[in-house]
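Here is what each chain is made of, one letter per residue.
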Amino acid sequence: MTQRAKIDTDSGGTAGSGPPVEHRPAGLTSAEVEERVARGEVNDVPVRNSRSAVDIVRANVFTRFNAIIGVLWVIMLFVAPIQDSLFGFVIVANTGIGIVQELRAKKTLDGLAVIGEAKPRVRRDGTAAELSTSEIVLGDLIELAPGDKAVVDGVVAEADSLEVDESLLTGEADPVVKKPGDPVMSGSFVVAGGGAFTATKVGREAYAAQLAEEASRFTLVRSELRTGISTILKYVTWMMVPTAIGLIISQLVVKDTDLKDSIARTVGGIVPMIPEGLVLLTSVAFAIGVVRLGRKQCLVQELPAIEGLARVDVVCLDKTGTLTEGGMDVTDLRPLNGSDEAYVRKVLGALGASDPHPNASLRAVIDAYPDPDGWRCTQALPFSSARKYSGAAFDEDGGEGSSWLLGAPDVLLAEGDPALAETDHLNEQGLRVLLLARTDREPGDPGAAEAARPAALVVLEQRLRPDASDTLAYFADQDVAAKVVSGDNAVSVGAVAGKLDMPGAENTVDARTLPEDREKMAEVLEENAVFGRVTPQQKRDMVAALQSRGHTVAMTGDGVNDVLALKDADIGVSMGSGSEATRAVAQIVLLNNSFATLPSVVAEGRRVIGNITRVATLFLTKTVYSVLLAVLVVCSQVEYPFLPRHLTLLSTLTIGVPAFFLALAPNRERAKPHFVRRVMRYAIPGGIIAGAATFTTYLLARHHYSGTDALGAETSAATLTLFLVSLWVLAIIARPYTWWRLALVATMAGAFLLVLVVPWLQDFFALRLVGTTMPWAAVAIAATGAALLELAWRWVDRRFPA
């Protein structure tokens, strides 16, 4: 018979020992559950989910720019050949790709969310079983253990030293001791002890339900990247409207030309002003990021987390469960002060059996020492990360009573105690040490630790994660500062970090010596890498101190003591096996519990942000030169040089196809702030040079050519210049070069050359170079433009550094 069973069946149990089994509520019966379901008294709050398929289609189809392009496309279908309507088919294809990719991301996210969903234990018909949160009904009896989150509102029915943290709801940092009859609010979580509560409010009536539903929605917003793109599109709209009106008047009224040709050239001037592919490409890049991470068992609960982790420059790691695996083994037992080893083993066995919700350390003790016969637990104190020890009081086999504490030696022992020297020696070997101490007071007495007398040291060996060393090396290589923040002994933490070859492991800081002033704390944090004996509140303070220095901080953890820091960090990362509370507040959940997955998340974020920043320059350069060309045409009172087919060809070869490949390429550069400024500082000079070079060629061609087909020859020469300058912009954006980037640029150049030399393509795109003088002049002007681009890019780098 286990100690737990003895506690339950003994009607004389005192506080902390749990109620007698015959008085334990059995929960609802199956018939009562069916009645409540029929009445609709169910927990019907939508689970964490992605956008619906309808929302995805609507977001991709019904956009401001799709509406503009759609109207222009319909007009072109009536007034011009099909070649001039190609831009509409391209938009349809692009939108379709965006919808398919987001639906794939939705499927991946939904599948992972089901895997990662926490299932509370609900007692029905006297038996506890794990159920989905949506299956809970009004009146259900829900069991609680350390790390569990209350998913509905209720009233405590059972309490075994139950301590609940309500800080996420009330802001109160200290845990609240709960007794039978006390209320429990949804969103709070258990930090110590256990018990059960009866659901009194379910569904949308629960206190935190609306907040949780809103906070857990899958979203593509609230990121600097998408906010920046929206800002850019707003300015583009302001520029586009007056320019387009001027172009329409110029082409339809001022120039006395063929009506259909005027309409076609007007549309040709308006369409390229719209960076329609930029929003699409951003959505696709994010969606593909979710799919890629999903294959690695990484649940991204908020898409901006991909972007946020790309900007991280400090990652705070909890040792247990992150650098080490969750399990531990007892490797040695060292009696102190003449204690009898056999008796100490009995005490440890009884202590292990007294806690119905053991942590990893106590579980190792349970595995090593069996529950002794004849011992009865009269009071139990569960482990708390704040006090660093647990305890219990017993009636021993011979009838004698005793009280014991098990916890951190440097907390339970007075400074200078001889046992601390032995503890330090063991800690230096990377071993974890617990002190068993006898006390004259009840375990829950505030002065119990001061009255403790050491009886034995319990030596535990932690299992290092085999991939932790490589992961730490990755962060060091990527200029991401890793900080180990642990509640364990500082020397032990430093030894573990040293075994993993972590830089700075030799300078370990005991968090009890950290200054309370935020500025001074930040200095210590920046200068050191390993911290031990950190309290939950200190973890939160450390995150805030690092953020005050401008750092973007990621925090990893799996225990309830990590929740507050995870919530305050820029990016919270939880292990899949971690407590339900940590998974609820984290933006990223590593379902495979592998710390080695984190570099993949960082790399994915950097790939998305870096590449979108890169290709955004391509799209906005086109917008700038399109607006400039339209303004120059209006001011010069000449025909617009291009038909829609010309700019469709140019956009496809210099922007559309290259941007797709560049957006999905590897990119290890850390994301930088000020997205709009960083993009526009290149796009504006690039667009001005491209537009000016193109219009110069066009004006020269107007003077060079004459006759009925002169406009076609002028257009061809201007198209050649614009393509070559745009290709050079692409060549600059593609740097640093790799074989495939060079091949991409060369392929785009070859495709355009093919159009110029194949007769039926010449006819299809209305591109035919006439003579040799003007085409070579177009090339020379483009070469001058390319040289100016190089100079402008370098000047921008010096004058407006990122």
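As the structure is a prediction and not an experimental result, all values here were calculated from the model.

Draft legend 1. View of the confidence of the model for the protein chain. The predicted model of the protein chain has a mean per-residue pLDDT of 81, with 88% of residues at 70 or higher. Within the protein chain, no element has a lower average pLDDT than helix H1 (residues 3-9), which sits at 35, and none a higher one than helix H26 (residues 739-757), at 93. Contacts for the low-pLDDT stretch residues 1-22, under 50 throughout, to residues beyond four places or in other chains number 44 contacts. Long-range and interchain partners of residues 211-221, a stretch whose pLDDT sits below 50, account for 23 contacts in this model, where long-range means more than four residues apart.

Draft legend 2. Fine view of the side chain of Ser716. You can see Ser716 is positioned in helix H25 (residues 710-733). By relative accessible area, Ser716 is classed as buried at 3%.

Draft legend 3. The arrangement of the pairing of strand S12 (residues 389-395) in detail. Counting buried positions along S12 gives six out of seven residues, so the element sits mostly inside the fold. Hairpin connection from strand S11 (residues 376-384) to S12: four residues lie between these consecutive antiparallel strands, with Lys388 at a positive phi of about 75°. In this structure, S12 lies alongside strand S13 (residues 401-407), joined through seven bridges in antiparallel fashion. Paired with Ser390 across the bridge in S13 is Leu406. With antiparallel pairing between neighbouring strands as the criterion, S12 and S13 make up a hairpin whose turn holds five residues, including Gly399 at a positive phi of roughly 95°.

Draft legend 4. Expanded view of the packing of helix H18 (residues 518-527) against helix H19 (residues 536-548). Between H18 and H19, the shortest axis-to-axis distance is 8 Å and the interhelical angle comes to 85°. On the basis of their axis angle, the class for H18 and H19 is roughly perpendicular. Residues Arg518, Met521, Ala522 and Leu525 of H18 form the contact with H19, whose own contacting residues are Asp541, Met542, Ala544, Ala545, Leu546 and Ser548. When its residues are assigned to classes, the contact of H18 with H19 shows seven nonpolar, one polar and two charged.

Draft legend 5. Quick peek at the environment of Glu130. Its location among the elements puts Glu130 in strand S2 (residues 127-130). Beyond its immediate stretch of four places on either side in the chain, Glu130 contacts Lys119, Pro120 and Arg121.

Draft legend 6. Broad picture of the pairing of S13. With six of seven residues buried, S13 is to be regarded as a mostly interior element. Of the pairings in the sheet, the one linking S13 to strand S14 (residues 432-439) comprises five bridges and is antiparallel in character. Pairing of Leu405 across the sheet is with Ala437, part of S14.

Draft legend 7. Seen up close, the sheet that holds strand S21 (residues 588-590). The mixed open sheet is built from eight strands, whose spatial order is S8-S21-S20-S19-S9-S16-S18-S17. Each having just a single partner strand, strand S8 (298-300) and strand S17 (508-510) make up the two edges of the open sheet. With direction set aside, neighbouring strand axes in the sheet form an average angle of 20°. The sheet contact formed by strand S9 (residues 314-317) and strand S19 (residues 553-557) spans three bridges and is parallel. By the bridge assignment, Cys316 is partnered in S19 with Met555.

Draft legend 8. Here's a closer look at the environment of Arg735. Within the secondary structure, Arg735 sits in the loop between H25 and H26. A relative accessible area of 31% means that Arg735 is categorised as partly exposed. Between the C-alpha atom of Arg735 and that of Arg614, which follows or precedes it by 121 residues, the distance is 9.9 Å. Discounting chain neighbours no more than four positions away, the residues touching Arg735 are Arg614, Trp728 and Glu790. Within the structure, Arg735 has its side chain in polar contact with the side chain of Glu790 (distance 2.6 Å).

Criteria and cut-off values
Residues numbered from 1 in each chain as written. Predicted model: local features only at pLDDT ≥ 70, side-chain atom pairs only at ≥ 80, totals over all residues. Heavy atoms only, no water. pLDDT = per-residue confidence, 0-100. Helix = DSSP H or I, 4+ residues; strand = E, 2+ residues; numbered from the N terminus. Contact = heavy atoms within 4.5 Å. Buried < 20%, exposed > 50% of the residue type's maximum accessible area, 1.4 Å probe, protein only. Pairing = 2+ DSSP bridges. Axes fitted to C-alpha atoms, helices over the stretch in contact; angles between N-to-C directions. Parallel < 35°, antiparallel > 145°, perpendicular 65-115°, else oblique. Nonpolar A, V, L, I, M, F, W, Y, C, P; charged D, E, K, R; others polar. Polar contact = N/O pair within 3.5 Å; in protein donor to acceptor, adjacent residues only side chain to side chain.

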